[in-house]
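# Commentary on secondary and tertiary structure
Each chain, letter by letter, is given below.
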Amino acid sequence: MLQSASSRLSWTGKPIVLVGLMGVGKSTVGRRLANRLHLPFADADHEIERAAGMTVAEIFERFGEPYFRDGERRVIARLIDGTPRVVATGGGAFINDETRALILDQALAVWLDAPPQVLAERVRRRDTRPLLRNRDPLQVLTDLAAIRNPIYAQAPIRVSSDRAPHDSAVGHILKAIGL
Ligand code: S3P
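Since this is a predicted model, take the numbers as computed values, not measurements.

### Concerning the packing of helix H4 (residues 65–79) against helix H5 (residues 97–106)
Close contact between H4 and H5 brings their axes to 9 Å; oriented N to C, the two are set at 10°. Comparing their axes, H5 and H4 come out roughly parallel. Across the interface between the two elements, Arg73, Ile76 and Ala77 of H4 pack against Glu98, Thr99, Leu102 and Ile103 of H5. Taken together, the residues of the contact of H4 with H5 sort by class into four nonpolar, one polar and two charged.

### Remarks on the sheet that holds strand E4 (residues 108–113)
Taken together, the five strands give an open sheet; going across it, the order is E2-E3-E1-E4-E5, and neighbouring strands pair in parallel fashion. Only two strands of the sheet have a single partner each, and these edge strands are strand E2 (41–43) and strand E5 (157–160). On average, each strand axis in the sheet is tilted by 25° relative to the strand beside it, whichever way the strands run. Against the sheet, helix H8 (residues 166–176) makes contact with strand E1 (16–19), E4 and E5, and its axis sits at roughly 155° relative to E5, the strand it touches most.

### Notes on the side chain of Thr89
Along the polypeptide, Thr89 turns up in the loop between strand E3 (86–88) and H5. If sequence neighbours within four positions are ignored, Thr89 has contacts with Val17, Leu18, Val19, Lys26, Ala44 and Ile76.

### Observations regarding the site of the ligand
Around the ligand sit 13 residues, and of these Lys26, Arg69, Gly91, Arg129 and Arg148 come closest. In the model, an oxygen atom of the ligand is placed 2.6 Å from a nitrogen or oxygen of the Lys26 side chain. Within the complex, 94% of the 390 Å² of free accessible area of the ligand lies under protein. More than half of the atoms belonging to the ligand lie within 2 Å of the grid points that define the largest pocket. Classifying every residue of the shell around the ligand gives five nonpolar, three polar and five charged.

Parameters at a glance
- Residues numbered from 1 in each chain as written.
- Predicted model: local features only at pLDDT ≥ 70, side-chain atom pairs only at ≥ 80, totals over all residues.
- Heavy atoms only, no water.
- Axes fitted to C-alpha atoms, helices over the stretch in contact; angles between N-to-C directions.
- Helix = DSSP H or I, 4+ residues; strand = E, 2+ residues; numbered from the N terminus.
- Parallel < 35°, antiparallel > 145°, perpendicular 65-115°, else oblique.
- Contact = heavy atoms within 4.5 Å.
- Nonpolar A, V, L, I, M, F, W, Y, C, P; charged D, E, K, R; others polar.
- Pairing = 2+ DSSP bridges.
- Near = heavy atom within 4 Å.
- Polar contact = N/O pair within 3.5 Å; in protein donor to acceptor, adjacent residues only side chain to side chain.
- Areas by Shrake-Rupley, 256 points an atom, 1.4 Å probe, with all protein chains shown as cover.
- 1 Å grid on protein atoms, 1.4 Å probe; cavity = no way out; pocket = protein on both sides within 12 Å on 5 of 7 lines; lining within 4 Å.
- Sits in = over half its atoms within 2 Å of the grid points.

Pasting the structure below:
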């Protein structure tokens, strides 16, 4: 079921996992949400980089995307093993069938959503994302939104992060989980 920010769902203490496209603000919103809830925060991409001793771009380049997805699934499984925390995931994590099943089973997934035009502006500030390198970000993000949004929609909570400041997304999430 898709819930808008105005509908409620009571949070039972499961890990909260932010999903959504690149540039939507999963890490920033996640960190602020964790602060508000006095929970630890983890960024799955950073954890993967730490475990591999390489950047995400290097992993893609040297070992390919399937290898990255495998490591991503294992890292996320560890991050949602029961300890309450807020986890920001990379944009493709929830698209992987196994990783999504794990998240839906063991965590509360929150889809942060914004139009591709807004995301394209935001991703221009960082050029480390392998899927966007040497490509038109607006085109890539528009194509990814068409494929991925119906899958992100499986998250029980959807919050728009649109042009509003990230703090308002945090407020919407807190409201949606009944806090
Ligand atoms: C990806 C998103 C990235 C990172 C990798 C792949 C994707 O994370 O995991 O480059 O498939 O959408 P962000 O969403 O944090 O940029």
